Amino acid sequence: MRLKNIIGMSAMALAFMTQSCQDYLNVKPYSQIAAGDFYQTEQQVDLALNGIYSTIGSERLYGSNLSCYFPVGTDAAVYSRTYNAWEVALHTVNETNVDIERTFRKLYEGINLCNLLITNIEPVKGINDIKKKRMIGEARFLRAYFYFDLVRWFKNVPMRLAPIKDGSSANTAQELSDALDIYKTVIIPDLEYAAANCTTKGGSGYEIGRVTQSASHALLQRVYLAIAGVTHNDERAKFPDFATATCYQKVVDQGNEVFKLGNYSLMADYTDIFRNEIKGTPNDQEVMFEVMFNNLRSSGKNEHGRIGNLNGVQCSMTGIKDPYAYAYAYAGLTLVKDYETSTGDANDDKRYVWNVAPYNVGRVNVLDTTYVDDPKTGESVRVVKESDNFVEGFKYVGNRYTRNPGKFRRVSFDEIESGVFRMERRQALKSDGKKKITLYSGYKQLPIDTYKIGNDVDGDYPYMLVNGVEKRLSKDYYITKEGRVWKLLDNGGLKLKIMENGSIDKNFTGINFPLIRYSDVLLMQAEAYNELNNYDQARLFIDQVKNRAGLPNLDPSQFNDRDKIFNELVSERSRELCFEGQRRHDLTRWGNMKDKLDELMQDLKEEPISKSQTWMLRSSENFDPKKHTYLPIPLKELNLNIGIKKTE
């Protein structure tokens, strides 16, 4: 049975073992059943472990905050509202912010659940030794992930390795520990244990969604890259084992362990990774660890995510209330330019059209709907028949700086899905490239994989180079101001395709969220080799990722030193991993968040954005490395935890 199908039972384990918190480390327990009484059977331990997996998918963690909200505010993702609700994204957050308070608390709730299992599992009878170690390994991996998120977002935090058992232990003061001490004491030992004792893909006890040895080694790669980051340079002298060169070699070693185990590889089609995540299709060829969701709200269970609803293509359709997507982020203009400069034409990069959606959905003319029984749940589900429903409000987002992230879209269109780019445009340029002509408000298309655009020798007509043959365009084609060619279409609409399976809800989704992908393993390996001055190996791993995107190998004559390869990696990680929660942490460890936000601001000003859109500059204008590199410890924790030294 897949983990996604049983994780709903975690509510039972959480009800037994979580406490109502006064603060996050100093809590008064209100358990219904004492942990010592609960951990009696193998089934109870299974439920407890599923409860921990369920916690990582909480809306306070990867159900919303750590997947959709907190990562916005970089050069790759810009908060798309004029009001100031997303303070983390706008770099105006302080210790009173309720969102950071809830996330901080939920991370420690997850840690306490891990501590409870690790402490209480040993005497439980009926579990064979191999499975017991595997279950401990999964709990330790998850504890490491919770602590990793704490130090990545807050840096120095309290460290607790014992579970809260009673009022006495709940009120034990906890001082702040150095981030590197937490890495050394908890995160690395936990992941090393998981790498030695968790299952392998296809091995005994393996289920999609559970921790594997490969995922543990890959997370160790990410951990050592974080430790090598410039933000830890001041404390590195106290931890000689964490010299930067040593850390980069550890990254290489852990990557080699992933390769040695095998089991994972790049999928041939980049977009299939996310189609599977959106549709809930079991596929673990490239996704090594993910947060799995079921939208169970229709059955009365609080089990869901907001992936695609908060961070997908904007979707608001009259006549059909769901699915709905707010699109609280724009794809950052710097990201768009990274695609354009990868080969000189963004359309050469197969990831571009998927990740940066040039459209949103306005309204739908519903001609007919039908209801069918969901084969998984037996529930009656409304289905929009593609043959009868067309998108009338399909809008082209005309500016490059106001395009939606498309990676976790809830709806799509058949032509776009098959590689045809459609847009709405009222004006285009004549073939002389100067005089504008007005077109009707229709749709235009360009099969993006085969056409290159130029002018014929006389300069009178545009032409397209189709498979190497120059073909003059008919009067129905025009060159736009962006230099692309569009053809006016006959039809008045596009077929709508809802991509999610199962129950559809306006504000909640069952879309999965990948935490570790194999392509990231390759790029982390490349970064470590580059820092170790092995440029041939660095290019080799970058090339694997670029080739899958349809791009050529890096030219060794151009990418022949550390800085050139590093700059390419900075862009390539954004192109490959955008909107997956990694960019902000990358920029933090590299120490170039300020530079990249300044670059974004300059890009926007050069576009140029209108005076009415200067609110898009707020993240760049507000960011102060001294204040906003990490989030502040929540005020409630500062007030209640007497172990934390107060500063004026």
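Note that this is a predicted model, so its numbers are computed, not measured. (Residues numbered from 1 in each chain as written. Predicted model: local features only at pLDDT ≥ 70, side-chain atom pairs only at ≥ 80, totals over all residues. Heavy atoms only, no water.)

A. The arrangement of the packing of aromatic side chains in detail. Applying the stated rule across the entire model yields 27 aromatic pairs. For the ring pair Tyr529 and Phe541, a centre distance of 5.9 Å and an interplane angle of 10° mean the geometry is stacked. Remark: Phe541 occurs in helix α18 (residues 535-548) and Tyr529 occurs in helix α17 (residues 518-531); sequence separation between them is twelve residues. Each of the two residues, Tyr529 as well as Phe541, counts as buried. Ring pairing ties together the aromatic residues Tyr69, Phe70, Tyr79, Tyr83, Trp86, Trp153, Tyr324, Tyr326 and Tyr328, which thus form one cluster. Taking the ring centre of Tyr264 as reference, the NZ or CZ of Lys201 above it sits at 4.8 Å. Against the face of Phe508 rests Arg306, its NZ or CZ located 5.2 Å from the ring centre. (Phe/Tyr/Trp six-rings, centres within 6.5 Å; stacked < 30°, edge-to-face > 60°. Helix = DSSP H or I, 4+ residues; strand = E, 2+ residues; numbered from the N terminus. Buried < 20%, exposed > 50% of the residue type's maximum accessible area, 1.4 Å probe, protein only. Lys NZ or Arg CZ within 6 Å of the ring centre and 35° of its normal.)

B. Representation of unusual backbone geometry in the model. The amide bond that connects Glu607 to the next residue, Pro608, takes the cis arrangement and shows omega of -5°. Note on placement: Pro608 falls in the loop between α21 (593-606) and α22 (618-622). With a phi close to 80°, Asn263 is a non-glycine residue in the positive phi region. Here Asn263 is to be found in the loop between α12 (244-261) and α13 (270-279). Positive phi values are uncommon outside glycine, yet Ala327 reaches one of about 55°. Residue position: Ala327 is located in the loop between β4 (287-291) and β5 (329-331). For Ala327, a relative accessible area of 1% corresponds to the buried category.

C. A look at α13. With eight of its ten residues buried, α13 lies for the most part within the structure. Inspection of α13 places Tyr270, Thr271, Ile273, Phe274, Arg275, Asn276, Glu277 and Ile278 among the buried residues, and these make up the whole buried set. Among the residues trailing α13, Gly280 stands out with phi positive, at a value near 70°.

D. A look at the pattern of salt bridges. Following the criterion strictly, the structure yields 46 salt bridges and no others. Here Lys133 and Asp129 are joined by a salt bridge, their closest N and O atoms 3.6 Å apart. On the criterion of helical spacing, the pair formed by Lys133 and Asp129 is a turn pair, its members being four residues apart in helix α8 (residues 129-154). Of the residues examined, Lys133 reaches a relative accessible area of 35% and is grouped as partly exposed. Exposure remark for Asp129: the relative accessible area of 47% places this residue in the partly exposed category. Here the salt bridges share partners, and the residues they tie into one network are Glu286, Asp349, Arg351, Lys407, Arg517, Lys546, Arg548, Glu568, Glu572, Arg575, Glu576 and Glu580. (Salt bridge = Lys/Arg side-chain N within 4 Å of Asp/Glu carboxyl O.)

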